[in-house]
Amino acid sequence: MPKFTIDQLIDYIGKWVVTGELNEAMLADNFHFVSPYWKSYDKPTFIEKFRDPTEYQQKSLSNILRFEPIFRLKSDDHRNFSIIFQYHTKYGISVDEAVLGTIENGLIVELRSIYDLEKTKQAHQL
């Protein structure tokens, strides 16, 4: 199993957030994902849901005009990272979001997305 640096993992997650392209190799076998809209998934369910980025692109990315600003942060011990951003939608609503990651042995074991679910639903007219 490959191991990645924290900078590589932050880049892969950042790319997934803004394009929907998922690098499955970065996920540990015991990976867990938590999100207000997408709910909670283990690794097989997460990959099944996001391997094909079509649904994510249609429900979310198609409404986003731009991501601005984007902050990438990492802990001193390189076990945790955060990607904090604001995105602006074609419906005139901006949403603040944070993606928190936990790393073990060069792989992501947990990814947690934090945002206001009701505002997100408005921003995407869901």
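These lines cover the structure that appears in this document, whether it is placed above or below. Position numbers for residues start from 1 in each chain and track the written sequence from start to end. For a predicted model such as this one, the threshold for reporting local features is a pLDDT of at least 70, and the threshold for listing and counting side-chain atom pairs is 80 or more; totals across whole chains, interfaces and linings nevertheless cover every residue. The side-chain figures draw on all heavy atoms in the structure; neither hydrogens nor water molecules are used.

## Digging into a nonpolar patch on the surface
Taken together, the side chains of F71, L73 and I84 define a hydrophobic patch exposed on the protein surface, amounting to about 260 Å² of accessible area. Strands are runs of DSSP state E lasting at least two residues, helices are runs of H or I lasting at least four, and both sets are numbered from the N terminus onward. Its location among the elements puts L73 in strand β3 (residues 64-74). A simple rule labels every residue: compare its accessible area, found with a 1.4 Å probe on the protein chains alone, to the largest value its type can have, and call it buried under 20%, exposed over 50%, or partly exposed in between. Its relative accessible area of 43% is what places L73 among the partly exposed residues. For patches, a residue must show more than 30% relative accessible area and have no salt bridge; joins then use 9 Å for like charges and 5 Å for nonpolar side chains, namely Val, Leu, Ile, Met, Phe, Trp and Tyr. Calculation of accessible area relied on Shrake-Rupley with a 1.4 Å probe; when residues are assessed, cover is drawn exclusively from the protein chains displayed. One speaks of a salt bridge when a side-chain nitrogen belonging to Lys or Arg is within 4 Å of a carboxyl oxygen belonging to Asp or Glu.

## Examining the environment of D77
Here D77 is to be found in the loop between β3 and β4 (80-89). Linking D77 and E48, residues 29 residues apart in sequence, is a C-alpha distance of 31 Å. In the analysis that follows, any N or O atom pair within 3.5 Å is treated as a polar contact, provided that within protein one partner can donate a hydrogen and the other can accept it, and provided that, for residues neighboring in sequence, both atoms belong to side chains. Side chain to side chain, D77 and S75 meet in a polar contact 2.6 Å long. Within polar-contact distance, the side chain of D77 engages the backbone nitrogen of R79 at 3.0 Å.

## Quick word on the packing of aromatic side chains
The pairing test for Phe, Tyr and Trp rings, Trp by its six-membered ring, is centres within 6.5 Å, and the orientation test on the planes gives stacked under 30 degrees, edge-to-face over 60, and tilted for anything in between. Counted under the stated rule, the structure contains 15 aromatic pairs. The rings of W16, F31, F33, Y41, F46, F50 and Y56 are connected pair by pair, giving a single aromatic cluster.

## Considering the side chain of E97
Note on placement: E97 falls in strand β5 (residues 94-104). By the counting rule applied here, Lys and Arg register as positive and Asp and Glu as negative, while His and the ends of each chain are not counted. We note that E97 is buried and unpaired, the nearest opposite charge coming from K119 at a distance of 12 Å. Of the polar contacts made by the side chain of E97, one reaches the side chain of S113; its length is 2.5 Å. For this analysis, residues touch if any pair of their heavy atoms sits within 4.5 Å. Those residues in contact with E97 that sit more than four places away from it in its chain are I83, I84, F85, Y87, S113, I114 and Y115.

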